[in-house]
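Fold and contact review
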Amino acid sequence: TSIKNVEVGIHVKHGANSGSSDCDISGVNIVGNNSSTSIGLLVEGYDNTFTNMRIAAVNTGVVLKSQANMLRNIHPLYYGGKNGYDQSSCGFRDEAGCNWYDFCYSDEFATAFYNSKNAASQYNNCFAYWYSKRGTKHTIFKAEGKFNSLVSNTRSGLRANNAVKENNILEVGADGGDGCFINLYVDNKEILTNKTYEKYLK
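Now for a look at the structure at hand. (Residues numbered from 1 in each chain as written. Predicted model: local features only at pLDDT ≥ 70, side-chain atom pairs only at ≥ 80, totals over all residues. Heavy atoms only, no water.)

1. Description of the pattern of salt bridges
For the structure shown, the criterion picks out 7 salt bridges. E95 serves as the salt-bridge partner of K65, at 3.0 Å between the closest nitrogen and oxygen. You can see K65 sitting in the loop between β6 (60–64) and β7 (70–77) and its partner E95 sitting in the loop between β8 (90–94) and β9 (100–102), a full 30 residues away along the chain. Its relative accessible area of 40% is what places K65 among the partly exposed residues. Judged by its relative accessible area of 29%, E95 is partly exposed. Here R93 makes a salt bridge to E95, at a shortest N to O gap of 2.7 Å. Salt bridges sharing partners connect three or more residues here, namely K65, R93 and E95. (Salt bridge = Lys/Arg side-chain N within 4 Å of Asp/Glu carboxyl O. Helix = DSSP H or I, 4+ residues; strand = E, 2+ residues; numbered from the N terminus. Buried < 20%, exposed > 50% of the residue type's maximum accessible area, 1.4 Å probe, protein only.)

Shown next, in the form of structure tokens:
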């Protein structure tokens, strides 16, 4: 299935089964309209699975406003303009926590993976990459408050040839938190502008 030139590609709303939508969606290609409010996948219902999806021309790849969702092999790509890039472009925005990600790939968004305050999810085999020097800040994981997510088997996609003013593995809004990085591989440590992530290495 291919969905093109849209403000929101797929919107899974609050479900009738006590909030659960119970959707299984696979094999969808989404191309947005490149607006500052465009979203590839917007989820408000619980208990869904999303697999094998490609998303492009959006400001935010995925927004999860609910819990108990599973994402596997989801690849959003940013190729919009520079206006507002640092402030709002995001590959995966998790506003609820208690979600699961496997082999999810954020491509060129200023922030790859974002957790709203107190959100805690699990990320396995995920990746972020930048192919240009767009913007002034590239961040792999950002927590609005404390960092509480479990991140395993991740390789940093921050490269010296695409480094910008700020290059971060992790940015947090508050110290503490129970999150951790397991088997994190970091290329080009010399380009990193903060070492916050080291507090959470296991």
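Right, picking up where we left off after that structure.
2. Overview of the side chain of T154
Position of T154 among the secondary structure elements: in the loop between β15 (150–152) and β16 (166–172). Residue classification places T154 among the buried positions, given a relative accessible area of 4%. With residues near it in sequence (within four places) discarded, T154 still touches C126, N183, L184 and Y185. (Contact = heavy atoms within 4.5 Å.)

3. Here we look at unusual backbone geometry
Backbone geometry places D22, a non-glycine residue, at a positive phi of 55°. Along the polypeptide, D22 turns up in the loop between β2 (8–12) and β3 (24–32). Here D22 falls in the partly exposed class, since its relative accessible area comes to 41%. Even without a glycine there, the phi angle at N188 is positive, about 50°. Secondary-structure assignment places N188 in the segment after β17 (180–182).

4. Things to note about the sheet that holds strand β14 (residues 137–143)
The parallel open sheet is built from 7 strands, whose spatial order is β2-β4-β6-β8-β11-β14-β16. Every interior strand has two partners, whereas the edge strands, β2 and β16, have only one. When the angles between neighbouring strand axes are averaged without regard to direction, this sheet yields 10°. (Pairing = 2+ DSSP bridges. Axes fitted to C-alpha atoms, helices over the stretch in contact; angles between N-to-C directions.)

5. What about the environment of D175?
Tracing the sequence through the fold places D175 in the loop between β16 and β17. For D175, a relative accessible area of 58% puts it in the exposed group. Separated by 24 residues in the primary sequence, D175 and K199 have C-alpha atoms spaced 9.8 Å apart. In this structure D175 touches K146 and K199, once residues within four positions along its chain are discounted.

6. Some remarks on the pairing of strand β4 (residues 39–43)
Counting buried positions along β4 gives 5 out of 5 residues, so the element sits mostly inside the fold. The sheet contact formed by β2 and β4 spans 4 bridges and is parallel. Across the sheet, the residue bridging to V12 is V43, located in β4. With 4 bridges connecting them, β4 and β6 associate as parallel partners. By the bridge assignment for β6, L41 is matched with V62.

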